[in-house]
Amino acid sequence: MSNNDSERITSWFRYLLLASALLTFSVIVLGIIVRATESGSACPDWPTCYGQWTPPAGDAALLSYLHRFASFVAGFSLLASIVVANLRYRRFTWLTRPLWISSVLLAAQVFLGRQLVSANEGPVTVAVHLGLALAIQAMVLIP
């Protein structure tokens with residue numbers, strides 16, 4: 001990135017990218033906590049928890065719910081970043097390309113997250129789910 005290019009990227013967009021990166025990181029940490037505490041099955045349906053949008057009482061359900069909520073917020077932030085990048089910074093492929101890749105990875109991540117909850121998939125699916133989360137994190141950090 002040349003110095004001239006960086007001057008054209010507004011500071012509020014940089015903060016949006018930073019927020020997306022921090023939110024994505026928090027989702028990864030929450031996911032690790034959910035896995036380590038075996039809280040993933042506390043809400044057996046997806047995207048709701050026992051058919052409701054709020055979790056039932058209990059720490060395990062709350063952890064699972066927080067992971068889902070953080071995932072939603074991080075996904076929304078990432079999608080907002082992609083939209084802004086393509087509306088305002090389309091000419092900077094070094095910026096838009098990783099964000100587009102992250103959107104494809106995000107779609108796969110949502111599908112795998114649903115599979116982990118619905119079908120109680122095994123450790124390979126869990127590892128791929130974590131790998132996709134780390135790849136999304138990388139794509140957000142590249143710009």
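Quick caveat: nothing in here was measured; it's all calculated off a predicted structure.

### Considering the confidence of the model for the chain
The predicted model of the chain has a mean per-residue pLDDT of 87, with 95% of residues at 70 or higher. When pLDDT is averaged over each helix and strand of the chain, the minimum, 56, is found for helix α1 (residues 3-8) and the maximum, 93, for helix α2 (residues 11-36).

### Some details on the packing of aromatic side chains
Enumeration according to the criterion identifies four aromatic pairs in this entry. Between Y89 and F92, the aromatic rings sit 6.3 Å apart at their centres with planes inclined by 20°, giving stacked as the arrangement. For the pair Y89 and F92, one class covers both residues: buried. Between F92 and W94, the ring centres sit 5.7 Å apart and the planes meet at 40°, which makes this aromatic pair tilted. Residue classification places F92 among the buried residues on the basis of a relative accessible area of 4%. Joined through ring pairs, the aromatic side chains of W12, F13, Y89, F92 and W94 make up one cluster.

### A few points about unusual backbone geometry
Peptide bonds are trans in most cases, and residues, glycine excluded, mostly fall at negative phi. Cis geometry is adopted by the peptide bond preceding P47, which originates at W46 and carries an omega value of 10°. Structurally, P47 can be placed in the loop between α2 and α3 (59-88). For E38, which is not glycine, the phi dihedral falls at a positive 55°. In this structure, E38 sits in the loop between α2 and α3. The exposure class of E38 is exposed, given its relative accessible area of 68%. The backbone of Y50 sits at a positive phi, close to 55°, despite the residue not being glycine.

### Structural notes on the side chain of N86
As for its placement among the helices and strands, N86 is situated in helix α3. At 2.8 Å, the side chain of N86 forms a polar contact with the side chain of W100. Setting aside residues no more than four positions away along its own chain, N86 makes contact with T96 and W100.

### Details of the packing of helix α4 (residues 93-119) against helix α5 (residues 123-141)
Helix-helix packing: each pair is described by the crossing angle between the helix axes and the interaxial distance. Their axes nearest at 9 Å, the elements α4 and α5 cross at an angle of 155°. Comparing the axis directions of α4 and α5 gives the class roughly antiparallel. In this structure, α4 meets α5 at a crossing whose hand is left-handed. Two secondary-structure elements touch here, α4 through P98, L99, I101, S102, L105, L106, A108, Q109, L112, G113 and L116 and α5 through T125, V126, V128, H129, L132, A133, A135, I136 and M139. Among the residues forming the contact of α4 with α5, the class breakdown is 15 nonpolar, five polar and no charged.

Conventions and cut-offs
Residues numbered from 1 in each chain as written. Predicted model: local features only at pLDDT ≥ 70, side-chain atom pairs only at ≥ 80, totals over all residues. Heavy atoms only, no water. pLDDT = per-residue confidence, 0-100. Helix = DSSP H or I, 4+ residues; strand = E, 2+ residues; numbered from the N terminus. Phe/Tyr/Trp six-rings, centres within 6.5 Å; stacked < 30°, edge-to-face > 60°. Buried < 20%, exposed > 50% of the residue type's maximum accessible area, 1.4 Å probe, protein only. Polar contact = N/O pair within 3.5 Å; in protein donor to acceptor, adjacent residues only side chain to side chain. Contact = heavy atoms within 4.5 Å. Axes fitted to C-alpha atoms, helices over the stretch in contact; angles between N-to-C directions. Parallel < 35°, antiparallel > 145°, perpendicular 65-115°, else oblique. Left-handed = near helix turned anticlockwise from the far one by under 90°. Nonpolar A, V, L, I, M, F, W, Y, C, P; charged D, E, K, R; others polar.

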